[in-house]
Amino acid sequence: MSRFPVVPAAYLVLTRPGASGPEVLLQLRGATGYMEGRWACAAAGHVEEGEPADRAVCREAAEELGLTIEPSQVSLAAVLQRGCVLGGPIEQRIDLFFTATDVTGDPVITEPDKALDLRWWPLATLPDNTVPHERQALEHLRDHGPGAGAHEGRHTAYAPTLLTRGFDQTLTLVAAVGRNGVIGDGSSMPWHLPEDLAFFKRTTMGGVLVMGRGTWDSIGRALPGRRTIVVTRDRDWSAPGAEVAHSLPEALDIAGDTEVFIAGGGQVYEQTIDVASRLVITHVEQEPEGAVTFPSIDPRRWREESRDVQDGFAWVEYLRRTTTPT
Ligand SMILES: NC(=O)c1ccc[n+]([C@@H]2O[C@H](COP(=O)([O-])OP(=O)(O)OC[C@H]3O[C@@H](n4cnc5c(N)ncnc54)[C@H](OP(=O)(O)O)[C@@H]3O)[C@@H](O)[C@H]2O)c1
């Protein structure tokens, strides 16, 4: 039987009473290569081989905050199991969130390149740019906490709960494709089809778009009424209205458990078609020139669900076959 590797990580949730309810200590992530520029639990890291998770969280507290905490002071409060349709060992995770009591000493930033800031935030109003899966756990603790006693220094345990993320996410690729597979020349679309732009809007309105930086540049702005997550390897890239991810798994983690619309371009379609469950394709009756193409739609993997023929193009929906015909 084949088994898949899971990466365990331990998170420290430090809370204190605040003027308007409990506060949680968060750090602003710096150059870590993951979720940069987002607020995260005060200390966290991977559990090392041969290391119990409660010791791991104490080690992280010492390394990242200069705090001395013993395993007897920490309690498991929530477990978050994360999956990702893209697979890969690093994407299948078990996140263990620990609270701590009777912590003495003042937390400080000890790794200034990795943590840019350290601040107490009201648990009730976490910053918008909190790491999404950590926000999920913190909001759960806020809403299902053990009550005020925990914030008065008493060792009140949470009932550890299993949370999940990523298992109810699906990917839908939306594209307009010429007869020759071409979708663009690298900077723009090869046609102007207002009815199809309206169709794209109807299809994706209210949802989450994931697109490559090339496609963002070709559109030039955030599309209204939708979240737009842009993938780029450029750590300095940002644009108004765009949520930035530096890898596709990071983009999908940010997107959450929903139908995610993959909006192109060629590079991003290529990397996601094998794990998508639906294709919404405008087959355009043209054969334009252009270097950017859509991956081939293999009829052994995809079955046509519906076809709506228009003047000069057709809207076709494909669903992934659950079994491959022989
Ligand atoms: N016909 C249609 O339906 C349709 C739809 C969308 C786009 N298009 C067309 O397609 C063309 C753009 O497609 P494209 O293939 O050139 O570009 P793209 O896929 O939109 O974007 C490529 C860029 O995305 C980033 N990227 C890709 N994979 C990544 C990963 N795994 N991790 C992090 N970043 C990643 C990189 O950005 P950095 O270089 O910044 O690192 C890469 O250069 C344009 O002509 C556009 O008009 C057509």
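Bear in mind the structure is a predicted one, so any value in this text is a computation, not a measurement.

Some details on the overall build of the protein chain
Then, number 1: On a plain count of helices and strands, the protein chain comes out with 6 helices and 19 strands.
Then, number 2: Seen through its C-alpha atoms, the protein chain measures out along the principal axes to roughly 70 × 45 × 30 Å.
Then, number 3: Of all 326 residues assigned to the protein chain, the portion counted as buried reaches 35%.
Then, number 4: Here the analysis covers contacts within the protein chain between residues at least 6 apart in sequence; of these, 68% occur between residues at least 24 apart.

Digging into the sheet that holds strand β12 (residues 208-212)
Then, number 1: With respect to topology, 8 strands assemble into an open sheet ordered β14-β13-β12-β15-β10-β16-β19-β18, the strand pairing being mixed. The open sheet has two edge strands, β14 (242-245) and β18 (302-309), and neither has a second partner. Ignoring which end each strand starts from, the neighbouring axes of this sheet average 25° apart.
Then, number 2: In the sheet, strand β10 (residues 170-178) pairs with strand β15 (residues 259-262) via 4 bridges, with the strands oriented parallel. Within β15, the residue paired with T170 across the bridge is E259.
Then, number 3: Contacting β10, β12, β15, β16 (278-284) and β19 (313-320), helix α3 (residues 194-204) crosses the sheet at an angle of about 180° to β10.
Then, number 4: Running at roughly 165° to strand β13 (residues 227-231), helix α5 (residues 248-255) makes contact with β12, β13, β14 and β15 of the sheet.

Details of the domain arrangement of the protein chain
Then, number 1: In terms of domain boundaries, the protein chain breaks down into domain 1 (7-165) and domain 2 (170-320).
Then, number 2: Distance between the C-alpha centres of domain 1 and domain 2: 35 Å.
Then, number 3: Listed as interface residues are 11 residues of domain 1 and, on the opposing side, 12 residues of domain 2.
Then, number 4: Of the residues in the side of domain 1 that touches domain 2, the class split is 6 nonpolar, 2 polar and 3 charged.

Some details on the sheet that holds strand β9 (residues 161-165)
Then, number 1: With mixed pairing, 5 strands are arranged side by side in an open sheet as β5-β1-β7-β6-β9. Both edges of this open sheet fall to β5 (43-46) and β9, since each of them pairs with a single strand only. Each adjacent strand pair in this sheet contributes to an overall mean axis angle of 20°, direction not counted.
Then, number 2: Relative to strand β7 (residues 93-100), strand β6 (residues 74-82) runs antiparallel, the two sharing 8 bridges.

Some thoughts on the confidence of the model for the protein chain
Then, number 1: In this model, the protein chain carries a mean pLDDT of 93, and residues with pLDDT of at least 70 account for 94%.
Then, number 2: Here residues 148-155 is modelled with pLDDT under 50, and outside its nearest four sequence neighbours on either side it reaches 12 contacts, counting other chains as well.

Regarding the pairing of β16
Then, number 1: For β16, the tally of buried residues reaches 5 of 7 residues, placing the bulk of the element in the interior.
Then, number 2: Strand direction decides the pairing type here: β10 and β16, joined by 7 bridges, are parallel. Residue pairing for β16: A176 is matched across the bridge by T282.
Then, number 3: With 7 bridges joining them, β16 and β19 adopt antiparallel strand pairing. Within β19, the position partnered with V280 by the bridge is E317.

Considering the environment of Y158
Then, number 1: Assignment of secondary structure puts Y158 in the loop between α2 (132-143) and β9.
Then, number 2: According to the C-beta neighbour criterion, Y158 is partly exposed, with 19 such atoms within 10 Å.
Then, number 3: Sequence separation of Y158 and A78 is 80 residues, and the distance between their C-alpha atoms is 7.9 Å.

So, how was this worked out
- Residues numbered from 1 in each chain as written.
- Predicted model: local features only at pLDDT ≥ 70, side-chain atom pairs only at ≥ 80, totals over all residues.
- Helix = DSSP H or I, 4+ residues; strand = E, 2+ residues; numbered from the N terminus.
- Buried ≥ 20, exposed ≤ 12 C-beta atoms within 10 Å, placed from the backbone.
- Contact = placed C-beta atoms within 7 Å.
- Pairing = 2+ DSSP bridges.
- Axes fitted to C-alpha atoms, helices over the stretch in contact; angles between N-to-C directions.
- Domains from an automatic or database assignment.
- Nonpolar A, V, L, I, M, F, W, Y, C, P; charged D, E, K, R; others polar.
- pLDDT = per-residue confidence, 0-100.

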